[in-house]
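Report on the structure
The residues making up each chain are set out below.
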Amino acid sequence: MTVIFLPPPRLRGAVSVEEALARRRSVRDFSDEPLALEELSQLLWAAYGVSDPRSGFRTAPSAGALYPLEVYAVVGERGAVGAGGFVQAGVYHYDARAHAVELRRPGDARAGLYRASLEQPWVLRAPVSIVFTAVYERTAAVYGERGRVRYVHADLGHAAQNVYLQAAALGLGTVAVGAFRDEEVREVLGLPRGETPVYIMPVGRPLSPYRQPAEGELEEYFEAHRRRARAAAR
Ligand SMILES: Cc1cc2nc3c(=O)[nH]c(=O)nc-3n(C[C@H](O)[C@H](O)[C@H](O)COP(=O)(O)O)c2cc1C
């Protein structure tokens, strides 16, 4: 089995959490440039990596620390590049404890993923997609129906937002894609039984730069709405 041990995540960055929040948008237009392996490493760690070696707890909170999600990287042909050259195209599973990815299925899976996601072009064009799957039983075994219909999806939102913010901080772009045919995604990725795909997040370099609100722009926006709110309160 091919395993790629990822470079360790960086724990310091040039962009504050406030700036990443202000900048974050869904990005759907990407250049052809590959991701650097360091960028892929950082995104996967942000998504669901281990942040406390004593407990094994992760960057995203999880109901009962049960971690029902699995994370995959779908690397396209020339989609990611490391010191040794381009990463082999394929479907990789993220092993958070080893901070490594294992090749589950060789070959460029993007065309299949694109068809499965109702032909959303960004799924085809992004050099890499991060795919979240859920093992509902992990959380339902403890929390029953509430775990299945509520907690697993709350967990997903936390992890996906981490990907959005990390992408924004790295000058990369992503979009949470929820519209796809589950069975087809399962087949394309060769997912094991019991795993349901829940998000596809294409990632790449944005064609147009993020637009951060200018100094005072938000204040102006709030002020306009405050005028309305004050008038309504009279
Ligand atoms: C549950 C969910 C499903 C989504 N599915 C898709 C999708 O299938 N395709 C897509 O292009 N965007 C999808 N989006 C992204 C939304 O369109 C986007 O977040 C929204 O337009 C607000 O824009 P912003 O993310 O830039 O703030 C999804 C977002 C969420 C939260």
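Attention here is on the structure that accompanies the text.

Attention shifts here to the packing of helix α2 (residues 37-48) against helix α5 (residues 136-170). It is the contact of α2 with α5, at a shortest axis distance of 7 Å, that shows an interaxial angle of 150°. When the axis of α2 is compared with that of α5, the two are roughly antiparallel. Crossing handedness for the pair α2 and α5: right-handed. Between α2, through E39, Q42, L43, A46, A47 and Y48, and α5, the contact on the second element is made entirely by D155, A159, N162, V163, Q166, A167 and L170.

This part takes up the pattern of salt bridges. Scanning all chains against the criterion turns up 12 salt bridges. R54 is paired through a salt bridge with D52; the nearest N and O atoms lie 3.3 Å apart. For R54, a relative accessible area of 78% translates into the label exposed. For the salt bridge of R181 with E184, the shortest nitrogen-to-oxygen distance reads 2.5 Å. Exposure remark for E184: the relative accessible area of 27% places this residue in the partly exposed category. Salt bridges linked by common partners bring E33, E39 and R205 together as one network.

What follows deals with the nonpolar core. Ranked by size, the top nonpolar core spans 55 residues in total, and within it I130, F132 and L189 carry the most contacts. In terms of residue count, the dominant contributor to this core is α5 (eight residues). If you look at the next biggest cluster of nonpolar residues, it comprises five residues, including V27, F30, A168 and Y210.

Another aspect to go through is the sheet that holds strand β12 (residues 196-204). With antiparallel pairing, the seven strands of this open sheet are ordered in space as β1-β9-β8-β5-β10-β12-β11. Single-partner strands in this sheet number two, and they are β1 (3-5) and β11 (173-174). Inspection of the sheet shows strand β8 (residues 90-95) paired to strand β9 (residues 100-106) by six bridges, in the antiparallel sense. Across the sheet, H93 pairs through a bridge with E102, a residue of β9. Strands in contact with α2 are β1, β5 (69-75), β8, β9, β10 (128-134) and β12; relative to β5, the strand with the most contacts, it is inclined by about 160°. On the sheet, α5 packs against β5, β10, β11 and β12 and is oriented at approximately 5° with respect to β12.

Rules behind the numbers
Residue positions are given per chain, counted from 1 along the sequence in the order it is written. Local features in this predicted model are restricted to residues of pLDDT 70 or higher, and side-chain atom pairs are both shown and tallied only at a pLDDT of 80 or more, whereas totals for entire chains, interfaces and linings draw on every residue. Values reported for side chains reflect all heavy atoms of the structure, with hydrogen atoms and water molecules removed beforehand. A fitted line through C-alpha atoms serves as each axis, taken over the contacting stretch for helices, and the angle formed by two N-to-C directions is quoted from 0 to 180°. Counting from the N terminus, the helices are the DSSP runs of H or I reaching at least four residues and the strands are the DSSP runs of E reaching at least two. By definition in this entry, angles of less than 35 degrees are roughly parallel, angles greater than 145 are roughly antiparallel, angles of 65 to 115 are roughly perpendicular, and the rest are oblique. Crossings are sorted by hand: turned counterclockwise from the far helix by less than a right angle, the near helix makes the crossing left-handed, and turned clockwise it makes it right-handed. Should any heavy atoms of two residues lie within 4.5 Å, those residues are counted as being in contact. Take a side-chain nitrogen of Lys or Arg and a carboxyl oxygen of Asp or Glu: if they are within 4 Å of each other, that pair is a salt bridge. Residue exposure (1.4 Å probe, protein chains only): buried if accessible area is under 20% of the type maximum, exposed if over 50%, otherwise partly exposed. To form a nonpolar core, buried Ala, Val, Leu, Ile, Met, Phe, Trp, Tyr and Cys residues must be joined to one another through side-chain atoms within 4.5 Å. At least two DSSP bridges between two strands are needed for those strands to be called paired.

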